[in-house]
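# Chains, contacts and geometry: an overview
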Amino acid sequence: MSNPYPPAGPSPYVNSPLANLRPRMYGSTLAKVLWTLVPIVTISIGAAIPFVVAAVKGVIKPWVAVAYVVVEVAILGISTAVSPDGESPFVGLLLLLLIATSATHTALLDNEKVTIGK
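Residues numbered from 1 in each chain as written. Predicted model: local features only at pLDDT ≥ 70, side-chain atom pairs only at ≥ 80, totals over all residues. Heavy atoms only, no water.

### Focus on the overall build of the chain
- Regarding its fold elements, the chain presents five helices and zero strands.
- Helices and strands in the chain line up, N terminus first, as α-α-α-α-α.
- Every one of the 118 residues in the chain was classed for burial, and the buried ones make up 27%.
- In the chain, once contacts between residues fewer than 6 apart in sequence are set aside, the share between residues at least 24 apart is 65%.
- Only carbon and sulfur atoms are counted for the fraction: they give 73% of the accessible area of the chain, which is about 8,100 Å². (Helix = DSSP H or I, 4+ residues; strand = E, 2+ residues; numbered from the N terminus. Buried < 20%, exposed > 50% of the residue type's maximum accessible area, 1.4 Å probe, protein only. Contact = heavy atoms within 4.5 Å. Areas by Shrake-Rupley, 256 points an atom, 1.4 Å probe, with all protein chains shown as cover.)

### Observations regarding the environment of Met 25
- Here Met 25 lies in the loop between α1 (12-15) and α2 (29-41).
- Taking the relative accessible area as the measure of exposure, Met 25 reaches 3% and is therefore buried.
- Taking the C-alpha atoms as reference points, Met 25 and Ile 60, separated by 35 residues in sequence, lie 9.2 Å from one another.
- Not counting the four nearest positions on each side in its chain, Met 25 is found in contact with Trp 35, Pro 50, Val 53, Ala 54, Lys 57, Val 59, Leu 109 and Asp 110.

### Section: the pattern of salt bridges
- The tally for this structure, following the rule as stated, stands at one salt bridge.
- Two residues, Asp 110 and Arg 24, come together in a salt bridge whose shortest N-O distance is 3.9 Å. With Asp 110 in the segment after α5 (89-107) and Arg 24 in the loop between α1 and α2, this residue pair connects regions lying 86 residues apart in the sequence. (Salt bridge = Lys/Arg side-chain N within 4 Å of Asp/Glu carboxyl O.)

### As for the layout of surface pockets
- Space inside the largest pocket adds up to approximately 260 Å³.
- Taken together, 13 residues line the largest pocket, and the ones lying closest to its centre are Phe 51, Val 64, His 105, Val 114 and Ile 116.
- Looking at which element gives the most residues to the lining of the largest pocket, the answer is helix α4 (residues 62-82), with four residues.
- Along the lines of polarity and charge, the residues of the lining of the largest pocket split into ten nonpolar, two polar and one charged. (1 Å grid on protein atoms, 1.4 Å probe; cavity = no way out; pocket = protein on both sides within 12 Å on 5 of 7 lines; lining within 4 Å. Points joined across faces, edges and corners; volume = space filled by probe spheres on them. Nonpolar A, V, L, I, M, F, W, Y, C, P; charged D, E, K, R; others polar.)

These results come straight from atomic positions and should not be treated as a statement about function.
And the structure:
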């Protein structure tokens, strides 16, 4: 009697890559560029928006979005308290740091090497 089954070889199920369990923030490169421009174009007022959206999508943990909202509100509050007329160089520095930090972190939301907060 002969064996009706094909010869045992490598299984396609064992060698297939694992599915990405974490949802993606960006569907395309254009979406990544547009989301990265949000903190820049809104002049830091919308710095936390990409992180709130990422938390809702399940890309990052909610505490990261909450931290960005708290820091944004604190920086805007400090900048208003320090100089209500907006003429202080300290206020400009705070806003530039918030813009640069949030734009950089927004661009890194789908990076597999970054694991903090994911």
